[in-house]
Amino acid sequence: MSLSSAWWKRARDILGERIVSDPSLLDPYGHDESAPEEFRNPPEAVVRPIDEGEVSAVLKLCRDERVPVTVRGAGTGLAAGCVPARGGIVLTTELMNRVMDSDPANLTITVQAGVPLRKLYEEVAKMSLYFPPHPGDEGAHVGGAVAANAGGARAVKYGTVRRFVLGLQVVLAGGEILDLGGKYIKSSTGYHLVDLMIGSEGTLGVITRITLSLLPPVGSVQTLLAPFATLESAIGAVPRVLGTGILPCAVEFIEHSVVLLAERLLNKSWPSHEGAASLMLILDGRNDQDTLAQAEVIGTALEQAGALDVLLTDQKGRQADMLEIRSMLYEAIRPGTAEAFDICVPRSEIASHVGFVHRLEETRGVPIPTYGHAADGNVHSHSLRRSLENGVFGGELPGWREQSASIRHALYEDVVRRGGVISGEHGIGLVKKEYLPMNLGPVHMAVMRSIKKALDPEGILNPGKIFDA
Ligand SMILES: Cc1cc2nc3c(=O)[nH]c(=O)nc-3n(C[C@H](O)[C@H](O)[C@H](O)COP(=O)(O)OP(=O)(O)OC[C@H]3O[C@@H](n4cnc5c(N)ncnc54)[C@H](O)[C@@H]3O)c2cc1C
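Model, not experiment: these values are computed from the prediction.

Draft legend 1. A look at the pairing of strand S6 (residues 108-112). Counting buried positions along S6 yields five of five residues, so the element is predominantly enclosed. Side chains of S6 alternate between two faces, with Thr108, Thr110 and Gln112 and Ile109 and Val111 buried alike. Both strand S5 (residues 99-103) and S6 contribute to a ladder of four bridges, which runs antiparallel. Paired with Asp101 across the bridge in S6 is Thr110. Between S5 and S6, which pair antiparallel one after the other, the connecting turn spans four residues, and Leu107 there sits at a positive phi close to 55°. Pairing between S6 and strand S9 (residues 206-213): five bridges, direction antiparallel. Along S9, the bridge assignment pairs Thr110 with Thr211.

Set out below in structure tokens:
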């Protein structure tokens, strides 16, 4: 479809020059950071509102003209959620980047949706407070993180973004501005629509403001590294760690084949290459005495569980190198990746699910390097399109496209069998849409369709995402 001259006239009245229409500038708005190339599609125009009033006027216009609207935060998503699959326009929140209210007395901050996470962390630090969720890319917008219910490594102890959202301002498909929640902690007052909007991936409304709850800051952080002979033995140690009664801030598992890729990319080194995999644990507490005491108890548990070594990386530089390597794993692995998965299974199923992934690797002859969040069940496996030997990518694997589709199917079947979900933190978007009914079942799908129909009867908001309405 093409945008009508009536659309252009009204859009210019609302936004003036803040509309991108030059075809050479539209391409970057046609994809996110997910690997599959088939999900790319540039919009016909990009609108750049600065506040909820402009968002409301744009949505009214697009509802009247039946123009699809795909909301885009920073485009760091990994599910092709912000790709305008059915054409129409992209509404970017990139100019909606103001901090509206910092309120230390209520331990809250209210921001516009386009505030990048990096800026949020800085603002919260100025308040001497702490916002724990840390999805891997700090360029992501707060609105995008809420719309995807992003997770990250610290979810073990603190939960995902959902746990910190107290209030939202949302513009509905017809342009109505809806204020939900507030600065209060408890509410048994009507349906909890804040929760409905979190994770809705731009299909139910445009989030324009977010009020987040904050915590007192942590005084000390320690990082432990424990290499293990196999990935299965590393993951098998997690119940013993949790059995100590201490909840680490993060428990990450990483295969050393992936570490080699990131080391080369960053020219930095991981503290140990003994064995096939490592557990990296982050402990936080009120002061060094507290975190060191935690490290001692957990170190003993790791040794008893078969760790080849337990290293306390108390030097700041070393700790930073390790965290940087961990945060760049996806970047390192992406050039050889056909598809990245982010399944989540009950904690007790992680080890056997990873065993299943390894058997798939052997039977299909495709490397499926894996890392993830060991203590919350969120596993990132990657089916590759290129061979991988000693941390170096080789040539393209024959038939990788078909192999990748068949690996995806087998992997998701295993996840569903174990009572898990096909996406723990990246969302369904376009990439996993086909598999959602296999995970949720017909009644769940029917309820979601009814909700979509009630809130967006014309189907203009991010059409074609999550499921077909
Ligand atoms: C290197 C790397 C590491 C990553 N690590 C993690 C990780 O550890 N954990 C994790 O959870 N994710 C991770 N991600 C994925 C990504 O950063 C998150 O999904 C992030 O929350 C997306 O934010 P965004 O602003 O980029 O959203 P986008 O990609 O722009 O959009 C994501 C979805 O949200 C919708 N949306 C965006 N803004 C709004 C809004 N204002 N209102 C309504 N809908 C909206 C879009 O339509 C789309 O469906 C990683 C990505 C990269 C590239």
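Draft legend 2. A look at the sheet that holds strand S8 (residues 177-181). Spatial ordering of the open sheet is given by S5-S6-S9-S7-S8, a layout of five strands whose pairing is antiparallel. Of all the strands in the sheet, the pair left with one neighbour each is S5 and S8. Adjacent strand axes in the sheet meet at a mean angle of 10°, parallel and antiparallel pairs treated alike. The strands touched by helix H4 (residues 117-126) within the sheet are S5, S6 and S9, with S6 carrying the most contacts at an inclination of about 150°.

Draft legend 3. Structural context of the domain arrangement of the chain. Split into domains, the chain comes out as domain 1 (99-213) and domain 2 (219-431). Each of domain 1 and domain 2 has a C-alpha centre, and the two are 27 Å apart. Each side of the interface is counted separately: domain 1 has 13 residues, and domain 2 has 16 residues. Roughly 1100 Å² is buried in total at the junction of domain 1 and domain 2, and carbon and sulfur atoms are behind 50% of that figure. The largest per-residue losses of area from domain 1 upon contact with domain 2 belong to Val156, Lys157 and Glu201, which jointly make up 51% of the total buried on that side. Our count for the domain 1 to domain 2 interface comes out at one salt bridge. Linking domain 1 with domain 2 are five residue pairs in polar contact (both at pLDDT 80 or more), by the criterion used here.

Draft legend 4. The environment of Ala262, seen in detail. Take Ala262: it is sitting in helix H10 (residues 256-266). Classification of Ala262 as buried rests on a relative accessible area of 0%. For the pair formed by Ala262 and Ile235, sequence separation is 27 residues and the distance between their alpha carbons is 21 Å. Apart from residues no more than four positions distant in its own chain, Ala262 is found in contact with Ile325, Met328, Leu329 and Ala332.

Draft legend 5. Representation of the packing of aromatic side chains within the structure. Going through the model one piece at a time under the given rule, you end up with six aromatic pairs. Note on Trp7 and Trp8: the rings are 5.2 Å apart at their centroids and 90° apart in plane angle, and the pair reads as edge-to-face. Of the two residues, Trp7 and Trp8, both sit in the buried class. An aromatic cluster is built from Tyr121, Phe131 and Phe164, whose rings are joined through pairwise contacts.

Draft legend 6. Geometry of the site of the ligand. Taken together, the neighbourhood of the ligand is formed by 35 residues, with Val71, Gly73, Thr76, Gly77 and Gly151 sitting nearest. One of the backbone N or O atoms of Ala145 is found 3.5 Å from an oxygen atom in the ligand. Within the contact set of the ligand, an oxygen atom lies 2.8 Å away from a backbone nitrogen or oxygen of Gly151. Broken down by secondary-structure element, the contributors of at least two residues to the shell around the ligand are strand S3 (69-72), helix H5 (142-147) and S9. It is H5 that provides the largest number of residues to the shell around the ligand, a total of four residues. Split into classes, the residues belonging to the shell around the ligand amount to 13 nonpolar, 16 polar and six charged. For the shell around the ligand, the domains that each give at least three residues are domain 1 (99-213) and domain 2 (219-431).

Draft legend 7. Examining the side chain of Arg72 more closely. Looking at where Arg72 falls in the secondary structure, it is placed in strand S3. As a buried residue without a salt bridge, Arg72 has its nearest oppositely charged side chain in Glu94, at a separation of 6.1 Å. At 3.2 Å, the side chain of Arg72 forms a polar contact with the backbone oxygen of Pro28. The residues touching Arg72, leaving out its near neighbours within four places in the chain, are Pro28, Tyr29, His31, Cys82, Val90, Leu91, Thr92 and Thr93.

Draft legend 8. Representation of the environment of Leu384 within the structure. The topology assignment puts Leu384 in strand S17 (residues 378-384). Taking the relative accessible area as the measure of exposure, Leu384 reaches 1% and is therefore buried. Sequence separation of Leu384 and Trp400 is 16 residues, and the distance between their C-alpha atoms is 7.5 Å.

Draft legend 9. Fine view of the packing of helix H14 (residues 350-364) against helix H15 (residues 400-417). Where H14 meets H15, the axes come as close as 11 Å, and the angle between the chain directions of the two elements is 155°. On the basis of the axis angle, H14 is roughly antiparallel to H15. Between H14 and H15 the crossing geometry is right-handed. Here His353, Phe356, Val357, Leu360 and Arg364 of H14 lie close against H15, whose contacting residues are Gln403, Ser406, Ile407, Ala410, Leu411, Asp414, Val415 and Arg417. A breakdown of the residues in the contact of H14 with H15 according to their chemical character gives seven nonpolar, three polar and three charged.

Draft legend 10. Layout of H15. Compared with the 26 Å implied by 1.5 Å per residue over 18 residues, the 25 Å span of H15 between its first and last C-alpha is a close match. When we look at burial in H15, the residues that qualify are Trp400, Ser404, Ile407, Arg408, Ala410, Leu411, Tyr412, Asp414 and Val415. Where the residues of H15 are buried, they touch strand S14 (337-340), strand S15 (343-344), H14, S17, strand S19 (392-396) and helix H16 (436-440). Backbone geometry just downstream of H15 places Gly419 in the positive-phi region, at approximately 80°.

Basis of the calculations
- Residues numbered from 1 in each chain as written.
- Predicted model: local features only at pLDDT ≥ 70, side-chain atom pairs only at ≥ 80, totals over all residues.
- Heavy atoms only, no water.
- Buried < 20%, exposed > 50% of the residue type's maximum accessible area, 1.4 Å probe, protein only.
- Helix = DSSP H or I, 4+ residues; strand = E, 2+ residues; numbered from the N terminus.
- Pairing = 2+ DSSP bridges.
- Axes fitted to C-alpha atoms, helices over the stretch in contact; angles between N-to-C directions.
- Contact = heavy atoms within 4.5 Å.
- Domains from an automatic or database assignment.
- Buried area = accessible area lost by both parts, 1.4 Å probe.
- Salt bridge = Lys/Arg side-chain N within 4 Å of Asp/Glu carboxyl O.
- Polar contact = N/O pair within 3.5 Å; in protein donor to acceptor, adjacent residues only side chain to side chain.
- Phe/Tyr/Trp six-rings, centres within 6.5 Å; stacked < 30°, edge-to-face > 60°.
- Near = heavy atom within 4 Å.
- Nonpolar A, V, L, I, M, F, W, Y, C, P; charged D, E, K, R; others polar.
- Lys, Arg positive; Asp, Glu negative; His and termini not counted.
- Parallel < 35°, antiparallel > 145°, perpendicular 65-115°, else oblique.
- Left-handed = near helix turned anticlockwise from the far one by under 90°.
- Expected span 1.5 Å × (residues − 1).

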